[in-house]
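Coordinate inspection notes
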Amino acid sequence: MRMSYKLNKLNPYIPGEQPYKKMIKLNTNENPYPPTPKINNLLKNFNYYYLRLYPDPTTINLRKTIAKIYNIKYEQIFIGNGSDEVLALAFMTFFCQKLPVIMPTITYSFYPVYCKLYNIKYKTIPLKTNFEINLNKMNIPNGGIIFANPNTPTGHAISYIDITNFLDIHKEYVVLIDEAYINFGSESAIPLIKKYKNLLIVNTLSKAYSLAGIRIGFAIGSTYLIKGLEKVKNSFNSYPIDIISELIAIEAIKDIKYLKKNCNYIIYIRDKLSNQLTNFGFTVLPSKANFILVKPINISAKEMFDKLRKHGILIRYFNNMNNYIRISIGTIQQMNYLIETIKYILK
Ligand SMILES: Cc1ncc(COP(=O)(O)O)c(C=O)c1O
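Per-chain numbering applies: the sequence of each chain, read as written, is numbered from 1 onward. It should be noted that, the model being predicted, local features are given only for residues of pLDDT at least 70 and side-chain atom pairs only at 80 or more, the latter also being counted only at that level, while totals for whole chains, interfaces and linings use all residues. Hydrogen atoms and water are omitted, and side-chain values are computed over all heavy atoms in the structure.

Here is the rule: UniProt positions are given in the numbering used here, feature names are shortened, and annotations may be inferred rather than shown by experiment.
Per an unreviewed UniProt entry, the recorded name for the chain is Histidinol-phosphate aminotransferase, and the organism is Candidatus Portiera aleyrodidarum. Check the Sequence similarities (unreviewed entry) section of the UniProt entry for the chain; it says "Belongs to the class-II pyridoxal-phosphate-dependent aminotransferase family. Histidinol-phosphate aminotransferase subfamily." In its Catalytic activity (unreviewed entry) section, UniProt records this for the chain: "L-histidinol phosphate + 2-oxoglutarate = 3-(imidazol-4-yl)-2-oxopropyl phosphate + L-glutamate".

Printed below as a string of structure tokens:
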């Protein structure tokens, strides 16, 4: 039996491990704290009778809630089943061009996977020696540009002013900024969508909102870009967002106070952990995300990964990251246990 010829070229994304036994999970940048408790009431009061109906294909209530927060029109918002789906649809909608799409060499590793899926040409631009995204080197002919800000797995963030200057140069094709980690201390480029009609910002509820389990992501951009995304989405799946997820997302988006408190606490833990590991002699990259990229001392990254795993702590090891490991920020108790375990391993 034969599969589609397309499968020969596919190189799927490998998600971080979801262990079946109890471990401290610091490998996929989930939020260690629960989402707003208002969701608990919502779920208790949800009438299961409604589950017989299809959900709203336009997710209008969630879009209106997000629109209010950002002071934009709901027609400027697109909702997807996780930002992975939003990104996949965006690659299809905008980046099938004659010229290659440009992205950093080191970034969210799903981007090249979409390129291969859709047969999109792409060109990667190496990071600077300090692991920052090199925007200047991206000033080359292109059929679109994508980068994550803050970037992953480095945690490096580009300033608002640098993004503005960059957008002044790139007006023809879509510039997509993936702001999955924007709420952990850097500035969103969303206000720039007014001026730059080719700018698309993608965000997710999986990290800052502690809702990886419901799979909701969104894109914000000009109505022209959003209409394009809708056209592709409606050629693929009209109802990607289920009734319960939409209701949960609305509660989470509305509770700005909880979001800020949750993120500020993660930032506090991140900075404390960075200092502690720096004091051990580790190289710790400055991070504006809910993870840090670190190079251990006196032990290889792989060995540290394996030893932590034996002690029930799961972090992320990349074999192309030059002896660095990525650690998601956990609860304060988890970080204390991590520090004690590292001390023990280094003894
Ligand atoms: C930069 C970046 N973008 C997007 C995603 C996907 O997030 P979601 O859970 O919304 O699909 C991730 C997940 O880790 C990510 O790191």
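**Some words on the UniProt feature "domain: Aminotransferase class I/classII large" (unreviewed entry) in the chain**
Worth spelling out the cut-off: A run of H or I in DSSP counts as a helix once it spans at least four residues, and a run of E counts as a strand once it spans at least two, with each numbered from the N terminus.
As annotated by UniProt and renumbered to match this structure, "domain: Aminotransferase class I/classII large" (unreviewed entry) occupies residues 21–342. Taken as a whole, residues 21–342 contains 37% helix and 15% strand, while its terminal C-alpha atoms sit 21 Å from one another.

**Let's talk about the site of the ligand**
Rule in force here: Nearness is judged by heavy atoms alone; a residue qualifies as near a molecule or strand once a single heavy atom is within 4 Å of it. Any pair of N or O atoms that falls within 3.5 Å is considered a polar contact. Within protein, one atom must be able to donate a hydrogen and the other to accept it, and sequence-neighbouring residues count only if both atoms are side-chain atoms. Each residue is assigned to one class: nonpolar for Ala, Val, Leu, Ile, Met, Phe, Trp, Tyr, Cys and Pro, charged for Asp, Glu, Lys and Arg, and polar for all the others, Gly among them.
Residues in contact with the ligand amount to 13 residues; listed here are only the nearest, Ser83, Asp178, Tyr181, Thr204 and Ser206. Between Tyr181 and the ligand, the recorded distance is 2.6 Å, taken from a side-chain N or O atom to an oxygen atom. Within the side chain of Lys207, a nitrogen or oxygen atom sits 2.8 Å from an oxygen atom of the ligand. The leading source of residues in the shell around the ligand is helix 3 (residues 82–94), at 4 residues. Across the shell around the ligand, the residue classes break down as 4 nonpolar, 5 polar and 4 charged.

**Comments concerning the UniProt feature "modified residue: N6-(pyridoxal phosphate)lysine" (unreviewed entry) in the chain**
Going by this rule: Whether a residue is buried, partly exposed or exposed follows from its accessible area with a 1.4 Å probe, protein chains only, as a fraction of its type maximum: under 20%, in between, or over 50%, in that order. The contact criterion used is simple: two residues touch if any of their non-hydrogen atoms lie within 4.5 Å.
Mapped onto the present numbering, the UniProt feature "modified residue: N6-(pyridoxal phosphate)lysine" (unreviewed entry) falls at Lys207. Here Lys207 is to be found in the loop between strand 7 (199–204) and strand 8 (217–220). Among the residues examined, Lys207 registers a relative accessible area of 15% and is labelled buried. In contact with Lys207, not counting residues within four places along its chain, are Thr28, Asn29, Asn31, Ala180, Tyr181, Phe184 and Asn290. Among the polar contacts listed, one links the side chain of Lys207 to the backbone oxygen of Thr28, at a separation of 3.3 Å.

**Quick notes on the packing of helix 3 against helix 6 (residues 223–233)**
Keep this limit in mind: In this analysis, axes come from line fits to C-alpha atoms, helices being fitted only over the stretch in contact, and the angle between any two N-to-C directions falls in the range 0 to 180 degrees. Geometric relationships in this document are graded by angle, where less than 35 degrees denotes roughly parallel, more than 145 denotes roughly antiparallel, 65 to 115 denotes roughly perpendicular, and other angles denote oblique.
Following both chains from N to C, one finds helix 3 and helix 6 inclined at 105°, their axes separated by 9 Å at the closest point. Taken as axis vectors, helix 3 and helix 6 run roughly perpendicular relative to one another. Between helix 3 and helix 6, the contacting residues are Val86, Leu89, Ala90, Met92, Thr93 and Phe94 on the first element and Leu225, Gly228, Leu229, Val232 and Lys233 on the second. Its residues placed into classes, the contact of helix 3 with helix 6 shows 8 nonpolar, 2 polar and 1 charged.

**Points about the packing of helix 2 (residues 60–70) against helix 7 (residues 243–254)**
Put simply, helix 2 and helix 7 touch, their axes get as near as 9 Å, and they point 10° apart. In terms of orientation, helix 2 and helix 7 fall into the roughly parallel class. For the pair helix 2 and helix 7, contact is made by Ile60, Asn61, Leu62, Thr65, Ile66 and Ile69 and by Glu246, Ala249, Ile250, Ile253 and Lys254, respectively. A class-by-class count of the residues in the contact of helix 2 with helix 7 yields 7 nonpolar, 2 polar and 2 charged.

**Things to note about the domain arrangement of the chain**
For clarity, the threshold we go by: Note that the domain bounds were set by an automatic or database domain assignment. In this description, buried area is defined as the sum, over both parts, of the accessible area (probe of 1.4 Å) that is lost when the two are combined.
Domain parsing of the chain yields domain 1 (5–34 + 257–346) and domain 2 (38–255). Using only C-alpha atoms to locate each centre, domain 1 and domain 2 end up separated by 24 Å. With 33 residues of domain 1 in contact, the opposing surface of domain 2 contributes 30 residues. Between domain 1 and domain 2, a total of about 2,500 Å² is buried, with carbon and sulfur atoms accounting for 62% of that surface. If you sort the residues of domain 1 by the area they bury against domain 2, Tyr13, Leu259 and Lys288 come out on top, with a joint share of 26%. Inspection of the domain 1/domain 2 interface yields 13 residue pairs in polar contact (both at pLDDT 80 or more). Taken together, the elements giving at least two residues each to the side of domain 1 that touches domain 2 come down to helix 8 (256–279) and strand 10 (291–295). Ranked by the residues each element gives to the side of domain 1 that touches domain 2, the list is headed by helix 8, at 8 residues.

**Some details on the pairing of strand 10**
We apply this condition: Here, any two strands with at least 2 DSSP bridges between them count as paired.
With 4 of its 5 residues buried, strand 10 lies for the most part within the structure. Here 2 bridges tie strand 9 (residues 283–284) to strand 10, and the two strands are oriented antiparallel to one another. In the sheet register, Val284 faces strand 10, and the bridge partner there is Val294. Between strand 9 and strand 10, which pair antiparallel one after the other, the connecting turn spans 6 residues.

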